[in-house]
Amino acid sequence: MPADLIVTAKSVITVDKAMSRAEAVAIDSSTGKITAVGALADLQKDSPDAKVQNLGDSVILPGFVDAHNHPVMSGIVCMEPSFWIAPYVGFPSYDDVKKLFVKANSEQPAGAALMFQGLDRSLQGVGELSNTDLDAFFPDRPVVVADNSGHEIYFNSAVITSLGWADNKPPADPEGSRFGRNADGTSNGRAYEVGAMLAVAGKIMAEAVPHPLLSAAKWLKSMAQNGVTMTSEHTYQSSMQKALIGLTMVPAAPIRISLYHMSTEADCGAAFVSPVPESMLKKNGIKLWADGSPWVGTIASTIAYLDNPTVVNAGITPGTHGEEMMNYSRAQIDAVIDAQGGNGHQFAFHCNGDIALDIVLDAFEYGLNKFNLVGTDHRWRVEHVGAARADQFARAASLGVGISMSPFQFIYWGDILDGTLFDSEVGAQWQRVGDAVKSGAVVSFHNDGSVSPSIPLLNLKSTVTRLTPSGKLHGPEQKISLDDALRAQTINGAFHLKRDDESGSIEVGKFADFVILDTDPYAIDPANIDKIKVQGTWLAGKPVDVDAYLAQIESIDPSEHKDLHAVAIDKPHKC
Ligand SMILES: [Zn+2]
């Protein structure tokens, strides 16, 4: 096949089956696809007229894959003009958050609404906030602070005033949610779960985030800057269709996106119609949530939370929380599988607790048998699996169920999982990546924004070393090889996103999607892999230009996406 471009570097790590290395990659720029991989001299012999681009001492790998993310809502709540205050993006303690509150109030235009995302009660050592707490920092502008759990927001008195509630008393609680109230019935500046959160924050967010599509694009830019070329939108709902088309249709779009439609929407099984090529945007399947989050005690698990101030401060009742934490009964899960399982959809099922995973695997086994899918290429998958055990991974493998794991749970919470939230015996083992890989199931990694920033190199370091950023070692028997970690962050992620036929490794016939690193990850101490610099990414044979991307999205009239804020709250994101 003719190539008009040959890219060479210090080394090309192909992540093909043999994990082979090459010297150069030949590309047909008209298709963006790879025509040959091998020695530079051989490639030049086959394509003597091709331009040669030498990346010098850099190393070329397949673009990283984040197999489970929520770029639209993450952009809206985390990226400027919103403020991201999660402990691992520069705010380890509540004191750090308070300093930002003071700075933001003095620097932002008077009266302007502000949105903060990611207060983390267990890691930052703070209880629930109230309107009085926030008034001390923000006496005269509307401010909303979202809890990192996604279950609760806090807001100041200016918000209460702007809502126009009679005598500052919230109205009747919307279904499945509630407003926080003082003894006299007035608002205490808290709202719990989607309905109440949306009623409070919808209007404020529209003021605080005037160009929500641009905010989403900034999230994708940050992913690209960390080396990602492929991800998903795991809370897809039909109201996001226009936004996702906008984000992927512009010429400089940096990332391929696969969609998972929330099962709670009546049209979750509908076909996705779009002018964007499927190689950039396509719908894969349906997303369900079995249980909740380990950080607020809503996982369905046999493991007991310990009794100490960290646990209680996070609002968790010590002890075990079992099947009552399931968001669906088995009959409700089966109803979704009955309705959609025969239509070729890929199911992606959130489960953190071991009980949740048992129930989901039971339901998957039922559905796979019912629709004669056992042994076929169905690619049904489970997400996060924080507490899952080796026998459960083995069962998933036997059903052909893929496992998409959350190294970030171990990275950012590992130090408190081990001995503070749970007994060390189980807490040190959280995210048993070693057992998952050994099971033979296809294992991928994800960062699940807005829960954590997409930093694939940190995932590689942490799963290879089982070191947390504080330098502590937890559960070393769950270490995996760099080969396995790299597969999880590239080709296996592409497999889970149903794009492994066109990307995920550097092989002939696939798109030339690359991440360019300044250092070979195999050539350094694994504890320093996260220090490697991402020099850029390529998509379909062209270097990604993230600034051009933002400029293209910024030129889209924001009024076309003015209702997009609602999706940032109107979703059961309990990861
Ligand atoms: Zn998620």
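Look up a bit, the structure's there.
Residues numbered from 1 in each chain as written. Predicted model: local features only at pLDDT ≥ 70, side-chain atom pairs only at ≥ 80, totals over all residues. Heavy atoms only, no water.

S.K.: Before we move on, could you go through helix α13 (residues 390-399) and cite the residues and values that matter?
M.R.: Looking only at α13, the buried set comprises Q392, F393, A396 and L399. Around the axis of α13, the buried residues are gathered within 125° of arc, so they sit on the same side. Summarising the contacts, the buried residues of α13 are in contact with α12 (354-370), β18 (402-405) and α16 (433-438). (Buried < 20%, exposed > 50% of the residue type's maximum accessible area, 1.4 Å probe, protein only. Helix = DSSP H or I, 4+ residues; strand = E, 2+ residues; numbered from the N terminus. Arc of directions from axis to C-beta. Contact = heavy atoms within 4.5 Å.)

S.K.: Describe in detail the packing of α12 against α13, supporting the description with residues and values.
M.R.: Two numbers describe how α12 lies on α13: the axes approach to 11 Å, and their chain directions differ by 15°. With respect to α13, the axis of α12 lies roughly parallel. With respect to the hand of their crossing, α12 and α13 are arranged in left-handed fashion. Contacts from D354, L357, D358, L361, D362, E365 and L368 in α12 reach Q392, R395, A396 and L399 in α13. In terms of residue class, the contact of α12 with α13 is built from five nonpolar, one polar and five charged. (Axes fitted to C-alpha atoms, helices over the stretch in contact; angles between N-to-C directions. Parallel < 35°, antiparallel > 145°, perpendicular 65-115°, else oblique. Left-handed = near helix turned anticlockwise from the far one by under 90°. Nonpolar A, V, L, I, M, F, W, Y, C, P; charged D, E, K, R; others polar.)

S.K.: Describe in detail empty space enclosed by the protein, supporting the description with residues and values.
M.R.: To find leftover empty space, a probe the size of one water molecule is rolled over the atoms. Under the definition given, this model contains three cavities of 30 Å³ or more. For the second largest cavity, the calculated volume is near 80 Å³. Its residues placed into classes, the lining of the second largest cavity shows four nonpolar, three polar and three charged. (1 Å grid on protein atoms, 1.4 Å probe; cavity = no way out; pocket = protein on both sides within 12 Å on 5 of 7 lines; lining within 4 Å. Points joined across faces, edges and corners; volume = space filled by probe spheres on them.)

S.K.: Give me the lowdown on the layout of surface pockets, citing residues and values where you can.
M.R.: Taken as a whole, the largest pocket encloses approximately 390 Å³ of empty space. As for the largest pocket, its lining consists of 24 residues, of which P251, A253, M280, L539 and A540 are closest to the centre. At the level of elements, α9 (241-249) and β22 (542-543) are the ones that each hand at least two residues to the lining of the largest pocket. The residue makeup of the lining of the largest pocket, split by class, is 15 nonpolar, six polar and three charged.

S.K.: Lay out the packing of aromatic side chains with the relevant residues and their values.
M.R.: Taken as a whole, this structure holds 20 aromatic pairs when the rule is applied. Summarising the aromatic geometry, the rings of F137 and F138 are spaced 6.5 Å apart at their centres and angled 50° between planes, so their arrangement reads as tilted. Of the two residues examined, F137 and F138, each falls in the buried class. A centroid spacing of 5.4 Å and a plane angle of 10° characterise the contact between F422 and W430, whose relative ring orientation is stacked. In terms of burial, F422 and W430 fall into one category: buried. Ring pairing ties together the aromatic residues F83, F101, F116, F137 and F138, which thus form one cluster. (Phe/Tyr/Trp six-rings, centres within 6.5 Å; stacked < 30°, edge-to-face > 60°.)

S.K.: Go over the environment of K370 with me, naming the residues and quoting the values.
M.R.: Tracing the chain through its elements places K370 in helix α12. According to the relative accessible area criterion, K370 is partly exposed, its value standing at 43%. C-alpha of K370 to C-alpha of I416: the two residues are 46 residues apart in sequence and 42 Å apart in space. Among the polar contacts made by the side chain of K370, one reaches the side chain of D338 at a distance of 3.1 Å. (Polar contact = N/O pair within 3.5 Å; in protein donor to acceptor, adjacent residues only side chain to side chain.)

S.K.: Residues and numbers for unusual backbone geometry, please.
M.R.: Put simply, E80 and P81 share a cis peptide bond, and its omega is 10°. Tracing the backbone through its elements, the reader meets P81 in the loop between α2 (71-78) and β7 (83-84). A cis amide bond, omega 15°, links G449 with the succeeding residue S450. Structurally, S450 is set in the loop between β19 (443-445) and α17 (456-465). A positive phi angle, close to 60°, is found at Q431, a residue other than glycine. As for its placement among the helices and strands, Q431 is situated in the loop between α15 (424-427) and α16. Classification of Q431 as buried rests on a relative accessible area of 0%. For K498, which is not glycine, the phi torsion reads 60° and is therefore positive.

S.K.: So what about the side chain of N459? Which residues, and what values?
M.R.: With respect to the helices and strands, the residue N459 is situated in helix α17. N459 sits in the buried class, given a relative accessible area of 1%. The residues touching N459, leaving out its near neighbours within four places in the chain, are P407, F408, I411, F445, H446, N447 and Q489.

S.K.: Just give me the short version of the pairing of strand β8 (residues 114-119), but keep the residues and values in it.
M.R.: Burial runs high along β8: six of the six residues are buried. As defined by bridge partners, β7 adjoins β8 across two bridges and the pair is classed as parallel. Of the residues in β8, the one forming a bridge with W84 is Q117. On the question of chirality, the crossover connecting β7 to the parallel β8 by way of helix α3 (residues 94-107) is right-handed. (Pairing = 2+ DSSP bridges. Right-handed = clockwise from strand over helix to strand, strands pointing away.)

S.K.: Describe the sheet that holds strand β9 (residues 143-147), and please don't skip the residues or the numbers.
M.R.: Taken together, the six strands give an open sheet; going across it, the order is β7-β8-β9-β10-β12-β11, and neighbouring strands pair in mixed fashion. In this open sheet, the two strands that pair with only one neighbour each are β7 and β11 (178-181). As judged from the three bridges shared by β11 and strand β12 (residues 187-192), these two strands associate in the antiparallel manner. Residue pairing in the sheet places F179 in a bridge with A191 of β12.

S.K.: Could you give an account of the pattern of salt bridges, naming the residues involved and the relevant values?
M.R.: Taken as a whole and assessed by the stated rule, the structure comprises 26 salt bridges. Note that D530 and K531 form a salt bridge whose closest N and O atoms lie 4.0 Å from each other. The exposed category is assigned to K531, whose relative accessible area is 54%. A network of salt bridges, in which partner residues are shared, links R121, D147 and E152. (Salt bridge = Lys/Arg side-chain N within 4 Å of Asp/Glu carboxyl O.)

S.K.: Give a detailed account of the sheet that holds β18, specifying residues and quantitative values.
M.R.: Through backbone hydrogen bonds, the strands of a sheet pair up, either in parallel or in antiparallel fashion. The parallel open sheet is built from eight strands, whose spatial order is β6-β13-β14-β15-β16-β17-β18-β19. Looking at strand neighbours, the two that pair on one side only are β6 (64-65) and β19, the edges of this open sheet.

S.K.: Describe the pairing of strand β10 (residues 152-155), with residues and values.
M.R.: Residue alternation in β10 divides its side chains into two sets, E152 and Y154 and I153 and F155, and both sets are buried. Strand direction decides the pairing type here: β9 and β10, joined by three bridges, are antiparallel. Residue A146 lies in a different strand from β10, and its bridge partner there is I153. In terms of strand pairing, β10 meets β12 through three bridges, oriented antiparallel. Looking at the pairing, Y154 lines up with R190 of β12.

Worth remembering: the numbers are spatial, not functional.
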